[in-house]
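So the chains spell out like this:
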Amino acid sequence: LYLPIINTSSCVIMGASPLGIKPLLLCLLLCAFTLNFVMCSSLKIHCNEKDMNTLLRFKKGVRDPSGMLSSWLPKLDCCRWTGVKCDNITGRVTQLNLPCHTTQPEVVAYQEKDDKSHCLTGEFSLTLLELEFLSYLDFSNNDFKSIQYSSMGNHKCDDLSRGNLPHLCGNSTNLHYLDLSHNYDLLVYNLHWVSRLSSLKYLNLGGVRLPKEIDWLQSVTMLPSLLELTLENCQLENIYPFLQYANFTSLQVLNLAGNDFVSELPSWLFNLSCDISYIDLSQNKIHSQLPKTLPNLRSIKSLFLSKNHLKGPIPNWLGQLEELKELDLSHNSFSGPIPEGLGNLSSLINLILESNELNGNLPDN
């Protein structure tokens, strides 16, 4: 840090009169301002060079028809690049926030594709996982076509497309939030790379194509901090129907709607942590009965099982889920009466039972 040399001879003291004090004060204020400006300029944090090179490697595989990444240039401080946020002290990249904004609302159905001609497309490289201090990553609603597993610069990663676990691929252990949802044409062969993100709390891959991924549950259960998991409309087929327990220690939200599950309801689903509050398995081909005994879902607030092939009676134990606010069992093959236990759900807001084979009278309560 270099401090300016102040020429105090220019500060003329004109005696003790009030008129003489004013130039002195003005001079001192000017000196203080100059010193503060120089110190602030010297302490200004710039983007980490290693992080900048990682981002530039990622950009090489991206096609950018609308110039979303036009500011990603080596001559500019990468902390000022579009969608990039850095730590104010260290200058390390902590957030990448580049979702594509389209004319359709966010709740648009996965089958209704809106115009994405202006969105980022091409190759999504996992070289971004080399950003050691990255905590937030959102490239949702873009139009990426493929995923690049190995590092583009020094090839430090194994080829995960063959199913191998990475050894040196990615050091982003601080990543808490990952959203690649609504990239409808993005084909991902496996989720082995996800298991390395040990601090991940939010994972949304809704709409991403995972037709060949048969070990997805093994990968995501290796994330001890995971709170929310969305794998909606991912073309998944294996729901592990005979597995008794899944090691979700912190999970609160599970969305597996709109996949290709053709099996019985898995036992592990009803043995989840007491903290689970949201389960969505709607729009699958699940064809069993609900369990007869009360499962470990005491904190569940939303349960969506519509548009499956579920059958048998609606169990009375549903009335013991005191925090349940939403229950959708519609478009199944449930039969028999509506159980009186549902009348005990004092928190219930939405109850949907249409398109079943129910009979009998509505309970008085």
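Residues numbered from 1 in each chain as written. Predicted model: local features only at pLDDT ≥ 70, side-chain atom pairs only at ≥ 80, totals over all residues. Heavy atoms only, no water.

## Focus on the overall build of the protein chain
Then, number 1: The helix and strand tally for the protein chain stands at three helices and 17 strands.
Then, number 2: Relative to its 365 residues, the protein chain shows a buried fraction of 47%.
Then, number 3: Long-range pairs, those at least 24 residues apart, make up 65% of the contacts in the protein chain between residues at least 6 apart in sequence.
Then, number 4: Accessible surface, the protein chain: about 18600 Å² in total, of which carbon and sulfur atoms supply 54%. (Helix = DSSP H or I, 4+ residues; strand = E, 2+ residues; numbered from the N terminus. Buried < 20%, exposed > 50% of the residue type's maximum accessible area, 1.4 Å probe, protein only. Contact = heavy atoms within 4.5 Å. Areas by Shrake-Rupley, 256 points an atom, 1.4 Å probe, with all protein chains shown as cover.)

## What about the state of the cysteines?
Linking two cysteines covalently through their sulfur atoms gives a disulfide.
Then, number 1: Tallied over the full model, the rule gives three disulfides.
Then, number 2: Through a disulfide, C79 is tied to C86; the S-S separation comes to 2.2 Å. Residues C79 and C86 are joined through a disulfide that is left-handed, its torsion about the S-S bond being -100 degrees. This pair shows no difference in class: C79 is buried, exactly as C86 is.
Then, number 3: Each disulfide pairs two cysteine sulfurs, and for C100 the partner residue is C119, the sulfurs being separated by 1.9 Å. Measuring the twist about the S-S bond at about -70 degrees, one finds the C100-C119 disulfide to be left-handed. Taken together, the residues span a long stretch of sequence, with C100 in the loop between β3 (93–97) and β4 (121–125) and C119 in the loop between β3 and β4 at a distance of 19 residues. (Disulfide = S-S within 2.5 Å.)

## With respect to the nonpolar core
Then, number 1: Ranked by internal contacts, the top residues of the largest apolar core, which has 86 residues, are L96, F139, W193, W216 and W268.
Then, number 2: With four residues, helix α2 (residues 49–60) is the largest single contributor of residues to this core.
Then, number 3: With near-sequence residues (within four places) excluded, L96 lies in contact with L55, W72, G83, V84, L128, L131, L134, Y136, L137, D138 and F139. (Core = buried A, V, L, I, M, F, W, Y, C linked by side-chain atoms within 4.5 Å.)

## What about α2?
Then, number 1: Under the 1.5 Å per step criterion, the end-to-end length of α2 is 17 Å for twelve residues, consistent within 8% with the ideal 16 Å.
Then, number 2: For α2, the set of buried residues is D51, M52, T54, L55, L56, R57 and F58.
Then, number 3: Looking at the buried residues of α2, the elements they touch are β1 (62–63), β2 (84–86), β3, β4 and β6 (143–148). (Expected span 1.5 Å × (residues − 1).)

## Description of the side chain of D143
Then, number 1: Inspection of the secondary structure puts D143 in strand β6.
Then, number 2: In terms of polar contacts, D143 uses its side chain to reach the side chain of K145, at 3.2 Å.
Then, number 3: With residues up to four places along the chain from it excluded, the contact list for D143 reads K116, C119, L120, T121, G122, N183 and D185. (Polar contact = N/O pair within 3.5 Å; in protein donor to acceptor, adjacent residues only side chain to side chain.)

## Observations concerning the sheet that holds β6
Then, number 1: Ordered by their spatial adjacency, three strands build an open sheet running β1-β4-β6, and the pairing between neighbours is mixed. The sheet terminates laterally at β1 and β6, the two strands that pair on one side only. (Pairing = 2+ DSSP bridges.)

## Some details on the environment of E123
Then, number 1: As for its placement among the helices and strands, E123 is situated in strand β4.
Then, number 2: Measuring from C-alpha to C-alpha, the distance between E123 and Q148 comes to 6.4 Å, with 25 residues separating the pair along the chain.

## Looking at the confidence of the model for the protein chain
Then, number 1: Across the protein chain, the average pLDDT comes to 85, with 79% of residues at or above 70.
Then, number 2: In the model, residues 8–19 has pLDDT below 50 throughout and makes six contacts with residues more than four positions away in sequence or in other chains.
Then, number 3: Considering only residues more than four positions removed or in separate chains, one finds that residues 152–168, a stretch of pLDDT under 50, has 37 contacts. (pLDDT = per-residue confidence, 0-100.)

## Here we look at unusual backbone geometry
Then, number 1: You will see that N141, though not glycine, has its phi angle at about 60 degrees, which is positive.
Then, number 2: You can call N141 buried: its relative accessible area is 13%.
Then, number 3: Unlike most non-glycine residues, Y240 shows phi in positive territory, near 55 degrees.
Then, number 4: Mapped onto the fold, Y240 is located in the loop between β9 (228–230) and β10 (253–255).

## So, the sheet that holds strand β12 (residues 302–304)
Then, number 1: Read from one edge to the other, the open sheet built from eleven strands follows the order β2-β3-β5-β7-β8-β9-β10-β11-β12-β14-β16, with strand pairing classed as mixed. Across the chains shown, the open sheet's two edge strands, defined by having one partner strand only, are β2 and β16 (350–352). Each strand of the sheet is rotated relative to its neighbour by a mean of 10 degrees, with strand direction disregarded.
Then, number 2: Relative to β16, strand β14 (residues 326–328) runs parallel, the two sharing three bridges. Bridge assignment links D328 to a residue of β16, and that residue is I352. (Axes fitted to C-alpha atoms, helices over the stretch in contact; angles between N-to-C directions.)

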